[in-house]
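The residues making up each chain are set out below.
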Amino acid sequence: MGQEADPRKRGLRRGGARWQPCRVTKANGDGLVGLARELAGRLAGCRFGPPVHRVYRPLDYAWAPHREYLERFGWGRRRVLFLGMNPGPWGMAQTGVPFGEVAAVRDWMGIRGKVSRPDDEHPKRPVEGFACTRSEVSGRRLWGLFSERFGDPERFFRDHFVSNYCPLVWMRESGANLTPDKLRAVEMGEVEQACREHLVGVLECLKPEFLVGIGVYAEGKLREAARIHGGRFRIGRVLHPSPASPAANRGWASAATRQLEELGVW
């Protein structure tokens, strides 16, 4: 991995203040909670033109379960950080948890925080929170693998954590999902800066050994953040569990397990 100077020595600025080491406590998960609040605030004023028709912000309307996720599972050092792209319409957009398939969040993790509704809800993409009956396939596959391998969530989160690069959900007028790599670069500059600096903060908080992108896009973002952070990490990726991927539909869990074993994660 390429090395850059420590961002604290380079004068990297976050939210108008010089970089400060993240402080994380078991009692309240202050480090990641504070970073998430800051990220939500920085993205609040971002606006997007066509083809974006609606934008959902789960860190606002689903803040309660997101905060519970960070407080319960995001304190202290984690050996492995998994990173996704952005929320799916039936996952984190409903529960506030990365890859947050309802059953996995509610029944396996035991998180049931209050979820309100977006300010400008699309009729074809309703937010029903934990009452949502649609299943997020990517989340079902991801958390299904982890629950099968580790049993209890505490065993998984003892060494692992899952985050998303960007907490925004974009959609077309039809309600179809838009991923961040499909948006205009001129509109994504501020978003990219905020999300990249947030990810650097997550690395500082969790001090992982392995950075694993869930898909190619996320791996690229991890490499960018690692260069800025300046630490030493082992970086790789697993196949994205999306049902849009033919390879993922031919046995995602087996493929991901094999990739993680080859990386030395498992």
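Structural data are supplied above this passage.
(A) Highlighting the environment of R106. Of note, R106 is situated in helix α6 (residues 102–109). Note: C-alpha distance between R106 and F130 (24 residues apart in sequence) is 7.4 Å. Aside from chain neighbours lying at most four places away, what touches R106 is I111, R112 and F130. Only 3.5 Å separates the side chain of R106 from the backbone oxygen of F130, close enough to count as a polar contact.

(B) Structural view of the sheet that holds strand β3 (residues 54–56). Strand order in this open sheet of three strands is β3-β6-β7, and the pairing throughout is antiparallel. At either end of the open sheet lies a strand with only one pairing partner, and these are β3 and β7 (177–178). By the bridge criterion, three bridges tie β3 to strand β6 (residues 169–171) in an arrangement that is antiparallel. Each residue of the ladder has a partner; that of V55, found in β6, is W170.

(C) Molecular detail of the packing of α6 against helix α7 (residues 137–150). The interhelical angle for the contact between α6 and α7, taken along N-to-C directions, is 25 degrees, at an axis separation of 9 Å. Of the possible angle classes, the one that applies to α6 and α7 is roughly parallel. Classified by chirality, the crossing of α7 by α6 is left-handed. Residues A104, W108 and M109 of α6 lie in contact with α7, whose contacting residues are W143, F146 and S147. Classifying every residue of the contact of α6 with α7 gives five nonpolar, one polar and no charged.

(D) Fine view of the pairing of strand β5 (residues 160–164). With five of five residues buried, β5 lies mostly within the body of the structure. The alternating pattern of β5 places H160, V162 and N164 and F161 and S163 on opposite faces, both of which are buried. Taken together, the five bridges between strand β4 (residues 80–84) and β5 define a ladder with parallel strand orientation. Paired with G84 across the strands is N164, a residue of β5.

(E) Spatial organisation of the side chain of K221. For K221, the position within the fold is in helix α10 (residues 216–229). Given the relative accessible area of 10%, K221 is considered buried. Residue contacts for K221: discarding those within four places in its chain leaves L83, Y165, E192 and L199.

(F) Fine view of the state of the cysteines. If you walk through the whole model with that rule in mind, you get zero disulfides. Free cysteine C166: the closest other cysteine sulfur is in C195, separated by 3.7 Å. A relative accessible area of 1% means that C166 is categorised as buried.

The rules behind these values
- Residues numbered from 1 in each chain as written.
- Predicted model: local features only at pLDDT ≥ 70, side-chain atom pairs only at ≥ 80, totals over all residues.
- Heavy atoms only, no water.
- Helix = DSSP H or I, 4+ residues; strand = E, 2+ residues; numbered from the N terminus.
- Contact = heavy atoms within 4.5 Å.
- Polar contact = N/O pair within 3.5 Å; in protein donor to acceptor, adjacent residues only side chain to side chain.
- Pairing = 2+ DSSP bridges.
- Axes fitted to C-alpha atoms, helices over the stretch in contact; angles between N-to-C directions.
- Parallel < 35°, antiparallel > 145°, perpendicular 65-115°, else oblique.
- Left-handed = near helix turned anticlockwise from the far one by under 90°.
- Nonpolar A, V, L, I, M, F, W, Y, C, P; charged D, E, K, R; others polar.
- Buried < 20%, exposed > 50% of the residue type's maximum accessible area, 1.4 Å probe, protein only.
- Disulfide = S-S within 2.5 Å.

Function cannot be read off these values alone, since they describe shape.
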